[in-house]
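These are the residues of each chain, in order.
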Amino acid sequence: MSDVHSPHGLTIAIDGPAGSGKSTIAKLLARRLGIGYLDTGAMYRSLTLIALESGVDLDDHDAVAALLPSLDLHADSNPDDPHFFVGNREVTSLIRSSIVSEAVAKISTNLLVRAWMVEHQRQRMAEASANGSGMVAEGRDITTVVYPEADLRVLLVASPLARMKRRAKELFGDDSPESLEKVRSQIVDRDAADSTVSEFTNPGPGIELVDTSDLDIEGVLEAVISLLPAGMSGNHN
Ligand code: DC
């Protein structure tokens, strides 16, 4: 898109539940604005992979937290093709495996882990702001805890049904009642687990709410771009 140029050091925080479309939107937004992209869920997923491989008891919060000092996480910030590394090892596809998806809530509800993640995510955002590269970060607590200083903070929501339909289409290519039933627990159970450690259903002061239930991707993107502070979108229309 040529109607938007790179705003210097722009930071955008996007939160939302599973299936709200936040990672798709965050990537498109980063590409459109020419800024970086940070998938904070991938950081929790990477630690989950390492914890599973190390054989540590995932319910033992101290033991999991003991893995953190030597956790060498790298996420490249290219929104077109994000890659994740632990040390020199690429984990991009491994962290999307069902074994990691099923275990990640045990890691992301560990408050020792959260404190470490928040600090690292905050640093990435602050650096992107200071060095002018800019960043869109997405997760559950970015607008509230990680980087409330962001130039734009958005909470993306969608009804559980709309999110189940999206997930079913993604996985099975249709949203028949049978397919919806198969994804119900992925949406409903994950909302329940995630909501024990972060509030991502009601926007706090200064956080913009966008309901994506009845919008397509382009509609959501336009809605978010229209919320950018004056002069930040570079829109020449
Ligand atoms: O968005 P995702 O599915 O990749 O997130 C993986 C898990 O990490 C999910 O249980 C939500 C959790 N998470 C979190 O608690 N805080 C974040 N900032 C990002 C993800």
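Along each chain, residue indices are assigned from 1 in the same order as the chain's sequence is written. Selection of residues for local features in this predicted model requires a pLDDT of at least 70, selection of side-chain atom pairs for listing and counting requires 80 or more, and totals for whole chains, interfaces and linings are taken over all residues. Think of the side-chain values as coming from all heavy atoms in the structure, minus any hydrogens and water.

Caption draft 1: Region of interest: the sheet that holds strand β2 (residues 36-39). Being paired, for any two strands, means DSSP has found at least two bridges between them. Under the scheme used here, helices are H or I runs from DSSP no shorter than 4 residues and strands are E runs no shorter than 2 residues, and both carry numbers assigned from the N terminus. Taken in spatial order, the five strands of this open sheet run β2-β6-β1-β7-β8, and their pairing is parallel. Both outer strands of the open sheet, β2 and β8 (208-211), are each paired with one neighbouring strand and no more. This sheet shows a mean twist of 20° between the axes of neighbouring strands, independent of strand direction. When β2 meets strand β6 (residues 135-139), the two strands line up parallel, connected through four bridges. Bridged to Asp-39 within β6 is Glu-138. Any two residues whose heavy atoms approach within 4.5 Å at even a single point are treated as in contact. Geometry is summarised by axes, namely lines fitted to C-alpha atoms with helices restricted to the contacting stretch, and by angles between N-to-C directions that run from 0 to 180 degrees. Its contacts with the sheet put helix α2 (residues 40-54) on β2 and β6, and the angle it makes with β2 is roughly 45°.

Caption draft 2: Spatial organisation of the site of the ligand. Of all residues adjacent to the ligand, which total 15 residues, the nearest are Arg-45, Arg-114, Asp-141, Arg-190 and Asp-194. Here a polar contact means two N or O atoms within 3.5 Å. Within protein one must be a hydrogen donor candidate and the other an acceptor candidate, and residues neighboring in sequence count only if both atoms are side-chain atoms. Thr-40 places a polar side-chain atom, nitrogen or oxygen, 3.0 Å from a nitrogen atom of the ligand. Here Arg-45 contributes a side-chain N or O atom positioned 2.8 Å from an oxygen atom of the ligand. Shrake-Rupley sampling with a 1.4 Å probe provides the accessible areas, and residues are treated as covered by the protein chains on show and by no other component. Calculation on the ligand without its partners gives an accessible area of 450 Å², and the protein chains cover 94% of this total. Put simply, the parts of the chain that give the shell around the ligand at least two residues each are α2, α4 (98-108) and α8 (177-194). Throughout, the term near means that a residue has one or more heavy atoms lying within 4 Å of the molecule or strand in question.

Caption draft 3: Seen up close, the pairing of strand β7 (residues 152-157). Exposure classes here rest on a 1.4 Å probe applied to the protein chains alone. A residue is buried below 20% of its type maximum, exposed above 50%, and partly exposed in between. Burial of β7 is extensive: six of the six residues sit out of reach of the surface. Residues Leu-152, Val-154 and Leu-156 point to one face of β7 and Arg-153, Leu-155 and Val-157 to the other, with burial holding for every one of them.

Caption draft 4: Geometry of the confidence of the model for the chain. How sure the predictor is of each residue is captured by pLDDT, a score from 0 to 100. Of the residues in the chain, 95% have a pLDDT of 70 or more, and the chain-wide mean is 91. Per-element confidence in the chain ranges from a low mean pLDDT of 87 for α8 to a high of 98 for helix α3 (residues 61-65). When the criterion is pLDDT under 50, residues 1-5 qualifies, and its contacts beyond four places in sequence or with other chains add up to 15 contacts.

Caption draft 5: Structural detail: the pattern of salt bridges. Salt bridges are identified by distance alone: a Lys or Arg side-chain nitrogen within 4 Å of an Asp or Glu carboxyl oxygen. A complete count under the given rule lists 13 salt bridges for this structure. Between Arg-32 and Glu-222 there is a salt bridge whose closest N-O contact spans 3.3 Å. Of the two residues, Arg-32 sits in helix α1 (residues 22-33) while Glu-222 sits in helix α9 (residues 217-225), which places them 190 residues apart along the sequence. For Glu-222, a relative accessible area of 34% gives the class partly exposed. It is possible to trace a salt-bridge network through shared partners that takes in Arg-32, Glu-218 and Glu-222.

Caption draft 6: Local environment of the packing of α2 against helix α5 (residues 111-130). It is at 11 Å that the axes of α2 and α5 come closest, and there the two elements cross at 135°. Taken together, the axes of α2 and α5 lie oblique to each other. For the element pair α2 and α5, the recorded crossing hand is right-handed. Facing α2, whose interface residues are Thr-40, Met-43, Tyr-44 and Leu-47, α5 presents Val-113, Arg-114, Met-117, His-120 and Gln-121. Amino acid classes used here: Ala, Val, Leu, Ile, Met, Phe, Trp, Tyr, Cys and Pro are nonpolar; Asp, Glu, Lys and Arg are charged; the rest, including Gly, are polar. Its residues assigned to classes, the contact of α2 with α5 comprises five nonpolar, three polar and one charged. Small angles under 35 degrees read as roughly parallel and large ones over 145 as roughly antiparallel, with 65 to 115 read as roughly perpendicular and the rest as oblique. Crossing handedness is read from the near helix: turned anticlockwise from the far helix by less than a right angle, it gives a left-handed crossing, and turned clockwise, a right-handed one.

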